[in-house]
Amino acid sequence: QVHLVESGGRSVQTGDSLRLSCAASGTTSRSDTMGWFRQVPGSEREFVAALHRGSAPYYSNSVKGRFTISRDSAKSTVYLQMNSLKPEDTANYYCASGARIITSSVGRRASYDYWGQGTQVTVSS
């Protein structure tokens with residue numbers, strides 16, 4: 001069992017930066033792949049970024065070049081650095097983990113075994 005807790009979400013202005021954190025506890029050895037998704041009420045949860053342990057990251061086209069996912073294995077924490085934020089980035093951001101997920105499946109919600117409760121990011125124009 002893996003327990004994930006997100007933090008760092010708040011209200012910001014367009015163009016601001018924000019860093020989200022996701023602290024993992026429990027059987028973190030089962031968290032080879034860590035990902036971030038986001039969801040707006042009434043819409044499906046969409047993929048944002050993912051990182052395999054020891055591999056290059058993956059990003060959705062909508063955030064590529066603005067967001068950076070990173071991992072501190074010693075702290076069992078994954079981060080999402082978000083720069084140049086836009087109003088369309090407003091969403092509840094969720095952290096997820098799973099055993100090593102094949103590249104073609106990192107963007108699929110069903111590939112992940114564990115989820116956090118989410119942290120709200122609001123970007124005002």
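The structure presented is a predicted model; accordingly, all values stated were derived computationally and were not measured. (Residues numbered from 1 in each chain as written. Predicted model: local features only at pLDDT ≥ 70, side-chain atom pairs only at ≥ 80, totals over all residues. Heavy atoms only, no water.)

Any chance you could explain the packing of aromatic side chains here in plain terms?
The way to describe two aromatic rings as a pair is by their centre distance and the angle between their planes. Taken as a whole and assessed by the stated rule, the structure comprises four aromatic pairs. Within the aromatic cluster, the residues linked to one another by ring pairs are Phe 37, Phe 47, Tyr 112 and Trp 115. Directly above the aromatic system of Tyr 94 lies the positively charged group of Arg 45, at a separation of 3.6 Å from the ring centroid. Its guanidinium or amino end placed over the ring of Trp 115, Arg 45 lies 5.0 Å from that ring's centre, counting from NZ or CZ. (Phe/Tyr/Trp six-rings, centres within 6.5 Å; stacked < 30°, edge-to-face > 60°. Lys NZ or Arg CZ within 6 Å of the ring centre and 35° of its normal.)

What exactly am I supposed to notice about the state of the cysteines here?
Working definition of a disulfide: a covalent bond connecting the sulfur atoms of two cysteines. Evaluation of the coordinates by the stated rule reveals one disulfide. A sulfur-sulfur distance of 2.1 Å marks the disulfide that ties Cys 22 to Cys 95. With the S-S dihedral at roughly -80°, the linkage between Cys 22 and Cys 95 falls on the left-handed side. With Cys 22 in strand S3 (residues 18-26) and Cys 95 in strand S9 (residues 91-98), this residue pair connects regions lying 73 residues apart in the sequence. In this pair, the class of Cys 22 matches that of Cys 95, namely buried. (Disulfide = S-S within 2.5 Å. Helix = DSSP H or I, 4+ residues; strand = E, 2+ residues; numbered from the N terminus. Buried < 20%, exposed > 50% of the residue type's maximum accessible area, 1.4 Å probe, protein only.)

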